[in-house]
Amino acid sequence: MKSIKNKFSALLVLVCIQFSFAQDSLKLSHQEFLNIVKNYHPLAFRYQLQNKIANAEITKARGNFDPVIAGKLGEKNIDGTKYYEQKNVELGIPTWYGIDITGSYNYLDGEKLNSSETKGGLYQFGVTVPLAKNLLYDKRRAMLDQAKFGLKMTEAEQTVLTNELLLDAENTYWEWVKTYEIYKLQKSAVEINRQRLELTKKTYQYGERPAIDTVEAASQLQSFELQERDAYLGFVKSTQEMQIYLWRDNQEFFEISQLIFPSSDLDEHSGYKDYEFLIESIQAMQLQNHASLEYYFQKQNILESERRLKWQSFLPKLDFTYNFFNKENYKSEFLPLFDNNFQYGLKLEIPVFQRQARADYEIAKLKISQNQQDSQVKLREIQTKIEIYKNEISNYFTQIDISTKNLINYQRLLNAEEMRFSNGESSLFLINSRETKLLEATEKNIELKAKFLKSYNKLKWLNENFLR
């Protein structure tokens, strides 16, 4: 026993949860199971990585505004003639409004220089200003805006996907609990009928019952034993399905070396008391705050940014460049700007037909329209799901109440039949019939509770998707 406890203590450290032990079996509660999924399931970890990628995209987009330092060193010499010797250091600073600022120092010497070049050291300060295209919006600003919207879009998507994973995991857990309770029910019926068969055999030996009663009792026992084996198979299958969600640290699959059992019961779930509060809570929510819709809202922002960028293509490209020069060891004269030591240029580009600009802009508008339609479809889908889950919860809760009352009546009928049997006024066949009805009603009651919890979980995780 000590070695077994040590083995499970090691597992306890790996998964960071507290398991309880009973009769050398491993038990797992509902909350412990969800904690494993949240912390160790590869999909949950993958969704978290998407946020890091989106943050990295923002950093990448900010890099378009980083200053750039460049240097150049060169010399050309043929047959002892130094054509040129050049040393150059330059700093370029892109700004938010599309204006580029440059500053440089250039040293040039040689015997074969172009007539437009200046010997010696020369300082230069320049600015390039877009006067039409890229003045109000450009690719650098668009990339940064889209990266920021993309982060919010990813966060919304991560919320939805993570909650869908947890919903599937939680419903799988309660399906596992349901199959376990059905197995316990069938196992209990087998034990009762096994004792009844032994008692019937003794009463037959004492001459109080006919031999056919032993056949009746044996037949009923065999029927329940078959049902027990079927219920056990269902429990094992649901355990294997639940194992899909069990992982260790470093995304290692958690191998189950023996059967584990739930420590949570269907009856102890808080949903039976909280479902009305949950319905009121989700009705008070603004649907526009749902993470699924937030995804489309942020996508809309990205597409609007792209549309603004494509609209710039209709404008002529008109760039003005001005450079101020000052020779090394000379006194600088800044003003007037167009009097001395300057260089300026004006560059104009106008696409003649603008077919690419018109096509790109039309595509951008169509994508916006498509996204708006997708958003409306998603909104309607959420509204419909809320109504469906509300109706399912209310209906299943009513059915559970009726089923519970039905169980009480079946139990009374069985008790009365057993009393009549003890008085010699009934038969074993009638008792078996009453018992079968009670067993079927109990199993139906368990099924209804599982269905209620699944619908409750769907509404609960739909509520968790609202960004508060």
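Residues numbered from 1 in each chain as written. Predicted model: local features only at pLDDT ≥ 70, side-chain atom pairs only at ≥ 80, totals over all residues. Heavy atoms only, no water.

So, about the pattern of salt bridges. Think of it this way: side chains of opposite charge can pair up when their charged atoms draw near. Tallying each qualifying case throughout the model produces 26 salt bridges. In this structure, lysine 454 and glutamate 175 form a salt bridge, with 2.7 Å as the shortest nitrogen-oxygen distance. With lysine 454 in helix α9 (residues 428–464) and glutamate 175 in helix α4 (residues 139–205), this pair connects stretches of sequence that are 279 residues apart. Look at the salt bridges and you will find they share partners, linking Lys82, Glu85, Asp109 and Lys119 into a network. (Salt bridge = Lys/Arg side-chain N within 4 Å of Asp/Glu carboxyl O. Helix = DSSP H or I, 4+ residues; strand = E, 2+ residues; numbered from the N terminus.)

Now for the confidence of the model for the protein chain. The predicted model of the protein chain has a mean per-residue pLDDT of 86, with 92% of residues at 70 or higher. Per-residue pLDDT, averaged within each element of the protein chain, yields its smallest value for helix α1 (residues 2–15) (34) and its largest for helix α7 (residues 291–311) (95). Across residues 1–24, confidence stays below pLDDT 50; counting only partners more than four residues off in sequence or on other chains, it has 33 contacts. (pLDDT = per-residue confidence, 0-100. Contact = heavy atoms within 4.5 Å.)

Another point: the packing of α7 against helix α8 (residues 355–422). Where α7 contacts α8, the two axes come as close as 9 Å, and the packing angle between them is 170 degrees. Between α7 and α8, the angle is such that the two are roughly antiparallel. Classifying every residue of the contact of α7 with α8 by side-chain character gives 10 nonpolar, 5 polar and 9 charged. (Axes fitted to C-alpha atoms, helices over the stretch in contact; angles between N-to-C directions. Parallel < 35°, antiparallel > 145°, perpendicular 65-115°, else oblique. Nonpolar A, V, L, I, M, F, W, Y, C, P; charged D, E, K, R; others polar.)

Another aspect to go through is the environment of alanine 217. As for its position among the elements, alanine 217 is in helix α5 (residues 211–243). Assessed through its relative accessible area of 2%, alanine 217 is described here as buried. Residues alanine 217 and leucine 428 lie 211 residues apart in sequence; the distance between their C-alpha atoms is 7.4 Å. For alanine 217, the contacting residues outside a window of four places in its chain are Leu197, Thr200 and Leu428. (Buried < 20%, exposed > 50% of the residue type's maximum accessible area, 1.4 Å probe, protein only.)

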